[in-house]
Amino acid sequence: MPKMKTKRGAAKRFKATGSGKVKRAQAYTSHILTKKSTKRKRNLRKASLVDASSVAAVKRMVPYM
């Protein structure tokens, strides 16, 4: 059986935590920042976890995570 290919775009966006959960960056932080408050922009910098319903799809895209 040959090795599975990783979806490179997904590999750049997701990382695994030590306990096996999947970490992701927050959206809504790249443009139209003038109307967003400083507190909102600061909280968007923090990483978030992928929802449980999407973890299986992410792990299929990045099989060796």
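Because the structure is predicted, anything quoted here is derived from the model rather than measured.

**A word on the overall build of the chain**
Here comes step 1: Counting its secondary structure elements, the chain contains 3 helices and 3 strands.
Here comes step 2: Relative to the compact-globule value of 11 Å for 65 residues, the chain shows a C-alpha radius of gyration of 15 Å, a clear excess of over 25%.
Here comes step 3: Counting only residues that meet the buried cut, the chain has 15% of its 65 residues in that class.
Here comes step 4: Of all intrachain contacts in the chain linking residues separated by at least 6 positions in sequence, the fraction that spans at least 24 positions is 60%.
Here comes step 5: Carbon and sulfur atoms make up 56% of the accessible area of the chain, which amounts to about 5,700 Å² in all.

About the thresholds
- Residues numbered from 1 in each chain as written.
- Predicted model: local features only at pLDDT ≥ 70, side-chain atom pairs only at ≥ 80, totals over all residues.
- Heavy atoms only, no water.
- Helix = DSSP H or I, 4+ residues; strand = E, 2+ residues; numbered from the N terminus.
- Rg over C-alpha atoms; globule rule 2.2 N^0.38 Å.
- Buried < 20%, exposed > 50% of the residue type's maximum accessible area, 1.4 Å probe, protein only.
- Contact = heavy atoms within 4.5 Å.
- Areas by Shrake-Rupley, 256 points an atom, 1.4 Å probe, with all protein chains shown as cover.

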